[in-house]
Amino acid sequence: MPSFDTIVIGAGPNGLAAAHRLASRGDRVLVLERGTTPGGGAAGAEFAPGFAAMPLAHLSYNLDARVARTMDLPRHGLRWANANLATTALSATGAHLRLEGPLGLTLTGEVSDRDRAAWAGLRARLLRFAGVLAPLRGMTPPRLAKGVGNPMGQLAKIALRARMMGADEFRELGRIFLTNVHDLLDDELETPLLKGALALDATLGIWLGPRSPNSVLPWLDRLAGATDGAQAALGLPMGGMATLGAAMARAAEAAGATIRCNAAVAQILTDGDTVQGLRLADGEELSAARIVSSLAPKTTLLSLVGARHLDAGQTTRARHLKTRGGAAKLHLALSAAPDFRGAALGDRLVIAGSEHAVERAFNPAKYGRTPQAPVMEIVIPTVHDPTLAPAGQHILSAIVQYAPPAPADPDAARTAMLDASLRVLEDHAPGIGALILKAEMLMPHDIETRWGLPGGNWHAGELSVEQMLFLRPLPGLSQYQGPIKGLWLASAGCHPGGGVSGTAGWNAALAMERAGK
Amino acid sequence: MTDLRHYQTPLRQTPFHPRTSAANRLHAWAPWAGYATVQTYDDLAMEHSAIRNAATLYDLCPMIKYRIEGTDAAACLNRLTVRDADRLAVGGVHYTVWCDDAGHLIDDGTLFRLAPDRYRLCCQERHLPWLLDSAFGFDVRITDETGEIAALALQGPTSAVVLRAAGFDIDTLKPFRMAEFPFAGGHLTISRTGFTGDLGYELWTTPDLALPLWDSLTDAGALYGLRPVGSEALNIARLEAGFIIAGQDFTPAPHCLREDRLRSPLEMGLGWLIDWDKGQFTGRRALLRQRERGPHWAFVGLEIEGNVAAEGAILYHNRKTEIGVITGACWSPTLKTSIALAQVKARHAKGGNLWAEIYALRELHYARMMMPARVVARPFFNPTRKRQTPPGKL
């Protein structure tokens with residue numbers, strides 16, 4: 001039986017980050033990937049012949065600086081087409097609002113002076129709070145147990161930094177920490193287009209609407225991310241996000257890891273107490289003293305390990321892990337550039353007329369239905385890199401919210417979601433319908449099938465306050481160490497969550513080093 | 001239509017109720033798992049004496065019974081309980097316990113293997129949700145069959161004779177084995193099991209045959225001193241046998257509000273049950289850790305000087321340091337000594353300089369006694385007749 005020091009399951013950003021770190025330190029590392037290309041959410045899948053394969057993620061917002069630096073991603077092909085992408089909040093009448101710089105540093109468009117001032121204050125505050133919390137992302141979460149090696153020093157430093165903001169700001173952080181995005185925006189702002197763009201930004205990829213309690217916290221977490229050193233800046237790699245996934249894979253290989261694609265893992269093998277290796281779907285068995293699963297914890301625990309090797313209570317908690325995804329992914333192959341009433345096509349385009357439009361799009365999804373007027377974040381990567389499509393043609397990639405994660409009739413829901421999305425697009429870019437050569441709508445259940453994310457949830461487990469920090473993915477498993485000796489969890493479903501960041505994988509590798517071999 | 005007056009009869013009646021109520025001269029009823037059960041029919045001393053000297057009938061119907069069936073039944077029970085359910089032969093019975101993830105006791109009970117893929121689990125507490133949670137990932141069906149089975153314990157030195165007289169050939173039936181018999185147009189299962197630590201049997205049939213069974217045994221036992229007994233007499237017998245009861249000798253984990261009241265099998269003297277080599281069972285990893293660092297508590301049998309039952313007494317080392325509590329105690333009529341079961345701090349498991357603080361209420365004044373307590377082996381009472389096959393002909 002072929003034997004390795006460490007086998008990493010899943011060649012997504014977390015698996016690759018962990019593999020890189022372990023291989024760099026001398027481990028014989030094998031990375032097993034079910035798909036045909038490494039990259040996970042940053043690995044593309046072809047949707048139209050002649051057009052580039054589109055990954056699940058189309059922008060970078062929280063690539064871990066430690067990962068990018070140590071893996072030396074630029075050397076392996078990562079170039080930013082734009083490391084600080086502007087956002088245009090689209091108006092159906094052409095009265096767009098442009099937000100330039102990280103989190104809308106400057107606003108261009110119809111905004112009152114009062115709102116400009118209010119936004120400047122709120123923006124600074126959000127970035128400050130997110131910055132204070134940011135170091136938590138790079139830590140192993142503390143546990144509510146004795147003698148588990150909690151990083152008390154680091155925690156004290158974060159608490160101190162929060163307190164050093166001053167009494168007023170510290171109080172304000174406490175006030176908004178667990179509140180909702182709608183109320184937060186409503187307290188300060190009045191411009192619907194601005195509030196809509198921010199409400200969508202806050203709720204991208206999470207199963208919360210702007211009015212859902214605790215929706216501010218995941219937004220702060222999102223804003224803790226950075227691109228090329230700039231907090232809250234959005235990055236678009238040259239060649240699209242698939243380039244980032246490919247660069248991570250090349251870096252891991254350069255560090256000595258072996259990546260094997262088309263290798264689905266069926267079962268993690270244990271002798272009851274310690275992992276022995278694993279069995280692939282085709283029956284091949286591989287042995288390793290350490291298995292690092294970057295798959296969703298729910299999948300790892302219930303499918304790869306299996307209930308009979310776990311305690312019953314833990315199994316039940318894993319079953320109850322919430323993994324609803326509300327973000328669908330739309331890919332259009334276009335015969336020519338669309339016209340969003342004059343909007344700059346290289347921007348990140350947002351269709352969310354107001355904060356209410358975002359909430360209204362969430363309402364039907366809660367009950368398993370598709371919205372009439374979905375909200376969306378659009379990127380046209382071909383504007384930045386024309387080689388991704390045949391000459392003069394374009395790819396439109398959109399995250400469309402909210403899609404029901406488990407509709408009664410999946411195919412009908414997909415059709416309804418596509419129709420509604422195209423209607424909304426037509427309203428904002430008249431004539432776009434006639435340009436469509438090929439349309440692909442990926443519902444959460446399609447995302448689950450293609451990328452293996454339960455419920456189609458980006459974070460491999462909902463990112464919400466009751467599933468964060470020491471509760472992520474489950475109480476007792478928050479420090480990356482799995483329930484069986486030698487098994488480690490290094491997934492977006494672990495702290496601090498998803499995105500093409502590699503943070504969870506890096507944190508997990510650090511935890512393995514601390515634990516020793 | 002739903003009967004909306006259920007609250008007027010909060011306690012259900014067992015299939016034996018027409019007979020037990022007729023014999024219950026004291027009308028001493030107590031609730032047990034939602035059923036009315038007899039505490040004492042007429043005379044506690046006579047009832048206990050019958051358990052040790054003749055034969056007795058005890059209505060077992062309220063005991064919780066789960067049917068666990070399916071191709072994964074053995075695997076599921078192996079993951080649920082600490083013993084190896086796969087090694088239990090068809091027709092066999094074993095005593096077992098099960099724990100939560102942290103290795104804390106949920107309940108104890110007896111497991112009957114009725115067929116290769118069908119078991120019955122009998123226990124004190126209801127926990128179908130836990131069983132169903134534990135069944136996830138296994139091809140198994142779990143049903144609460146408490147109400148579908150009429151169960152009767154026939155215990156005492158003449159119990160085998162009574163069964164023979166009633167026409168059941170149980171001569172070859174060994175302890176912890178069961179056998180099927182045709183009865184009154186239906187079926188009767190007889191297992192050589194019980195809660196008295198004596199020669200005895202448990203009889204399992206359908207509710208419609210409950211009264212014919214009672215009558216047939218009563219007729220057959222008339223010359224062998226057969227009489228019904230209540231829970232109080234049984235409690236004395238089980239203490240003499242050193243058996244524990246969930247909720248009395250330990251607090252089941254799901255009921256525990258205080259972290260330090262949780263007990264593991266290792267702390268309840270049940271470590272011998274655990275099959276460490278059979279693979280995963282819920283709580284295994286936590287119990288391995290506890291075994292490594294040593295449990296904090298131990299469970300012991302005590303003999304206490306004097307003749308006052310030490311129920312609920314606090315235990316002291318050297319008369320002053322509190323080191324445990326008595327969870328069950330009685331004056332044993334069989335052994336003529338005061339016996340007790342107790343939780344003690346692990347370092348006092350071997351005893352030595354232990355004292356029980358007993359409060360005896362005497363005409364509205366408490367007499368406080370500090371009595372020496374000696375750790376002794378359980379069972380306190382362990383007659384050879386309970387093991388003999390064929391059973392002796394008394």
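Numbering of residues starts from 1 in each chain and follows the order in which that chain's sequence is written. Here chains are named by letter from A upward and ligands by number from 1 upward, in the order in which they appear as written. Per-residue local features of the predicted model are confined to residues with pLDDT of at least 70, and side-chain atom pairs are confined, for both listing and counting, to 80 or more; whole-chain, interface and lining totals are unaffected and use all residues. Working from all heavy atoms in the structure, the side-chain values ignore hydrogens and water.

Peer 1: Looking at this model, I keep getting lost on the domain arrangement of chain B. Mind explaining?
Peer 2: The accessible area lost on association of the parts is a frequent measure of interface size. All names here are of chain B. Annotation comment: domain bounds sourced from an automatic or database domain assignment. With domains assigned, chain B is organised as domain 1 (6-61 + 149-229), domain 2 (64-147) and domain 3 (296-381). On a C-alpha basis, the centres of domain 1 and domain 2 stand 24 Å from each other. In this description, contact between two residues means that some pair of their heavy atoms is separated by no more than 4.5 Å. Across the contact, 14 residues belong to domain 1 and 17 residues belong to domain 2. Carbon and sulfur atoms supply 58% of the area that domain 1 and domain 2 bury against each other, a total of about 1,300 Å² over both sides. Each salt bridge in this description consists of a side-chain nitrogen of Lys or Arg and a carboxyl oxygen of Asp or Glu lying within 4 Å of one another. At the boundary of domain 1 with domain 2, the tally comes to zero salt bridges. Here a polar contact means two N or O atoms within 3.5 Å. Within protein one must be a hydrogen donor candidate and the other an acceptor candidate, and residues neighboring in sequence count only if both atoms are side-chain atoms. Along the contact surface separating domain 1 from domain 2 lie five residue pairs in polar contact (both at pLDDT 80 or more). By buried area we mean the combined loss of accessible area, with a 1.4 Å probe, across both parts when two parts are placed together.

Peer 1: Would you explain the sheet that holds strand β18 (residues 354-362) of chain B in this entry?
Peer 2: Think of a sheet as strands paired side by side through backbone hydrogen bonds, with each pair either parallel or antiparallel. Residue and element names in this part refer to chain B. On the basis of which strands lie adjacent, the closed barrel formed by six strands has the order β14-β17-β16-β15-β18-β19 and antiparallel pairing. Between one strand axis and the next, the sheet turns by 40° as a mean value, whatever way the strands run. Pairing between strand β15 (residues 314-317) and β18: four bridges, direction antiparallel. Residue I314 lies in a different strand from β18, and its bridge partner there is E357. Fitted lines through C-alpha atoms serve as axes, helices being fitted only where they are in contact, and the angles separating the N-to-C directions of these axes extend from 0 to 180 degrees. Helix and strand labels come from DSSP, where a helix needs a run of H or I of at least four residues and a strand needs a run of E of at least two; each type is numbered from the N terminus. Contacting β16 (321-332) and β17 (337-345), helix α7 (residues 231-241) runs over the sheet at an angle of about 120° to β16. When DSSP finds two or more bridges between two strands, those strands count as paired.

Peer 1: Just checking my understanding: could you explain the side chain of T193 of chain B for this structure?
Peer 2: Residues and elements named next belong to chain B. Here T193 lies in the loop between β11 (186-191) and β12 (200-205). A distance of 2.4 Å separates a polar atom in the side chain of T193 from a polar atom in the side chain of E202. Those residues in contact with T193 that sit more than four places away from it in its chain are V93, F112, Q155, F176, G200, Y201 and E202.

Peer 1: Mind showing me how you'd approach helix α8 (residues 284-293) of chain B here?
Peer 2: Owing to its 3.6 residues per turn, the α-helix brings residues three or four apart onto one side. Residues and elements named next belong to chain B. Throughout this description, buried means an accessible area under 20% of the type-specific maximum (1.4 Å probe, protein chains only), exposed means over 50%, and partly exposed covers the range between. Of all the residues in α8, the buried ones are R284, R285, A286, L287, L288 and Q290. Its buried side turned inward, α8 meets β5 (93-99). Once α8 ends, the next one or two residues include G294, with phi positive near 90°.

Peer 1: How do you make sense of the sheet that holds strand β8 (residues 141-144) of chain B when you look at a structure like this?
Peer 2: Residues and elements named next belong to chain B. With antiparallel pairing, five strands are arranged side by side in an open sheet as β5-β6-β7-β4-β8. Of all the strands in the sheet, just β5 and β8 have a single pairing partner and so form its edges. Averaged over all adjacent pairs, the angle separating strand axes in this sheet is 30°, with direction ignored. Of the strands in this sheet, β4 (64-69), β5, β6 (105-115) and β7 (118-123) are in contact with helix α3 (residues 73-80), which crosses β7 at around 30°.

Peer 1: Quick question: what am I supposed to make of the interface of chain B and chain A here?
Peer 2: Taken together, the contacts link 17 residues of chain B with 17 residues of chain A. Looking at the side of chain B facing chain A, the largest losses of area belong to D101, F136 and R285 of chain B, adding up to 45% of the total buried there. Remark: the boundary between chain B and chain A carries four salt bridges. In this structure, D72 of chain B engages R308 of chain A in a salt bridge whose closest nitrogen and oxygen atoms are separated by 3.1 Å. Applying the counting rule to chain B against chain A returns 16 residue pairs in polar contact (both at pLDDT 80 or more).

Peer 1: Help me understand the environment of R260 of chain A, please; the structure alone is not making it clear to me.
Peer 2: With respect to the helices, strands and loops of the structure, R260 of chain A is situated in strand β10 (residues 258-260). With 127 residues separating them along the chain, R260 of chain A and T387 of chain A place their C-alpha atoms 28 Å apart.

Peer 1: Explain the packing of aromatic side chains here, please?
Peer 2: Two aromatic rings, taken as a pair, are described by how far apart their centres are and by the angle between their planes. All names here are of chain B. Each pair of aromatic rings taken from Phe, Tyr and Trp, with Trp reduced to its six-membered ring, is defined by centres within 6.5 Å and is described as stacked if the planes are under 30 degrees apart, edge-to-face if over 60, and tilted in the remaining cases. This model, assessed by the stated rule, comprises ten aromatic pairs over all chains. Look at F16 and W214: their rings are 5.8 Å apart centre to centre, the planes differ by 40°, and that puts the pair in the tilted class. Taken together, the residues span a long stretch of sequence, with F16 in the segment before α1 (17-23) and W214 in helix α6 (residues 210-221) at a distance of 198 residues. A cation over an aromatic ring shows up here: R291 above the ring of W276, its NZ or CZ 4.2 Å from the ring centre. When the ring centre of W355 is taken as origin, the NZ or CZ atom of R319, which lies over that ring, is 3.9 Å away. We call a charge positioned above a ring when the Lys NZ or Arg CZ atom is no farther than 6 Å from the ring centre and deviates by at most 35 degrees from the ring normal.

Peer 1: Is there a simple way to explain empty space enclosed by the protein in this structure?
Peer 2: The gaps of empty space that remain are located by a probe, the size of a water molecule, rolled over the atoms. Residues and elements named next belong to chain A. Every definition here rests on a 1 Å grid over the protein atoms only: cavities are sets of points where a 1.4 Å probe fits but cannot get out, pockets are open sets enclosed by protein on both sides within 12 Å along at least five of seven lines, and lining residues have some atom within 4 Å of a point. Grid points are joined across faces, edges and corners, and a volume is the space filled by probe spheres set on the points. Following the criterion strictly, the structure yields three cavities of 30 Å³ or more and no others. For the largest cavity, the calculated volume is near 190 Å³. Surrounding the largest cavity, 18 residues form its lining, L103, D201, A232, L234 and R348 being those nearest its centre. Mapped by element, the contributors of at least two residues to the lining of the largest cavity are α7 (192-203) and α8 (216-223).

Peer 1: Even after reading the chapter, I still don't get the UniProt feature "domain: Aminomethyltransferase C-terminal" (unreviewed entry) in chain B, so can you show me in this structure?
Peer 2: Summarizing the sequence annotation, UniProt attributes the feature "domain: Aminomethyltransferase C-terminal" (unreviewed entry) to residues 299-381 of chain B in the numbering used throughout. Measuring from the first to the last C-alpha atom of residues 299-381 of chain B gives 17 Å, for a span that is 0% helix and 63% strand. UniProt positions are given in the numbering used here, feature names are shortened, and annotations may be inferred rather than shown by experiment.

Peer 1: Would you mind showing me how to read the pattern of salt bridges here?
Peer 2: Two side chains with opposite charge may pair up if their charged atoms get near one another. Residue and element names in this part refer to chain A. Taken as a whole and assessed by the stated rule, the structure comprises 51 salt bridges over all chains. Among the ionic pairs, D115 bridges to R114, the shortest N-O distance being 3.4 Å. On the accessibility criterion, D115 (0% relative accessible area) is buried. Classification of R114 by relative accessible area gives partly exposed; the value is 48%. R414 is the salt-bridge partner of D411, the closest N and O atoms lying 2.9 Å from each other. In this pair, D411 and R414 are both assigned in helix α13 (residues 410-428), three residues apart and thus about one turn of the helix distant. Taking the relative accessible area as the measure of exposure, D411 reaches 48% and is therefore partly exposed. Three or more residues joined by partner-sharing salt bridges are found here, namely R125, R128, E169, E172, R175 and D187.

Peer 1: Would you mind showing me how to read the nonpolar core here?
Peer 2: Soluble, globular proteins show a tendency: their nonpolar side chains are buried together. Residues and elements named next belong to chain A. Residues belong to one nonpolar core when they are buried, are Ala, Val, Leu, Ile, Met, Phe, Trp, Tyr or Cys, and are joined through side-chain atoms within 4.5 Å. Formed by 63 residues in total, the largest nonpolar core has its most connected members in I7, L32, L73, L278 and I291. Per element, the largest residue contribution to this core is seven residues, and it comes from helix α9 (residues 241-254). Discounting chain neighbours no more than four positions away, the residues touching L32 are I7, V8, I9, G10, A11, R260, A263, V265, L278, L280 and L286. Membership of the second largest hydrophobic core comes to 53 residues, among which are A89, L220, L223 and A352.

Peer 1: What's the story with the domain arrangement of chain A in this structure? I'm lost.
Peer 2: Residues and elements named next belong to chain A. Domain boundaries assigned for chain A yield domain 1 (3-49 + 65-79 + 238-322 + 460-515) and domain 2 (108-230). Using only C-alpha atoms to locate each centre, domain 1 and domain 2 end up separated by 28 Å. Every contact between the two is made by 18 residues of domain 1 and, on the other side, 18 residues of domain 2. Here domain 1 and domain 2 share an interface that buries about 1,600 Å² over both sides, 61% of which is from carbon and sulfur atoms. Along the contact surface separating domain 1 from domain 2 lie zero salt bridges. Summed over the shared surface of domain 1 and domain 2, the number is seven residue pairs in polar contact (both at pLDDT 80 or more). Ranked by the residues each element gives to the side of domain 1 that touches domain 2, the list is headed by helix α16 (residues 503-515), at four residues.

Peer 1: Mind showing me how you'd approach the pairing of β12 of chain B here?
Peer 2: Strand residues, when the strand is regular, have side chains that alternate between the two faces of the sheet. Residue and element names in this part refer to chain B. Counting buried positions along β12 yields six of six residues, so the element is predominantly enclosed. Both faces of β12 are covered, namely the face carrying G200, E202 and W204 and the face carrying Y201, L203 and T205. Sheet topology places strand β9 (residues 150-155) next to β12; six bridges connect them, and they run antiparallel. Bridging across to β12, L152 finds its partner in L203. In this structure, β11 lies alongside β12, joined through three bridges in antiparallel fashion. Looking across to β12, one finds that S191 is bridged to E202.

Peer 1: Which parts of the structure should I look at to understand the packing of helix α3 (residues 113-137) of chain A against helix α5 (residues 167-176) of chain A?
Peer 2: Between two packed helices, what matters for the description is the angle formed by their axes and the separation of those axes. All names here are of chain A. Two elements in contact, α3 and α5, have axes whose closest approach is 11 Å; the angle formed by their N-to-C orientations is 85°. For the element pair α3 / α5, the angle class is roughly perpendicular. Listed contacts from α5 to R125, L126, R128 and F129 of α3 are E169, E172, L173 and I176. Looking at the contact of α3 with α5 residue by residue, the classes come out as four nonpolar, no polar and four charged. Here roughly perpendicular refers to angles of 65 to 115 degrees, roughly parallel to angles under 35, roughly antiparallel to angles over 145, and oblique to all remaining angles. Classes in brief: Ala, Val, Leu, Ile, Met, Phe, Trp, Tyr, Cys and Pro nonpolar; Asp, Glu, Lys and Arg charged; the others, Gly included, polar.

Peer 1: Mind showing me how you'd approach the packing of helix α1 (residues 13-24) of chain A against α16 of chain A here?
Peer 2: Residues and elements named next belong to chain A. At a closest axis distance of 6 Å, the pairing of α1 and α16 adopts a crossing angle of 35°. Considering only the axes of α1 and α16, their crossing is right-handed. Along its contact with α1, which presents N14, A17, A18, H20, R21 and L22, the element α16 presents T503, A504, G505, W506, A509, L510, M512 and E513. The residue makeup of the contact of α1 with α16, split by class, is eight nonpolar, four polar and two charged. Whether a crossing is left-handed or right-handed is set by the direction in which the near helix is turned from the far one by less than a right angle, anticlockwise for left-handed and clockwise for right-handed.

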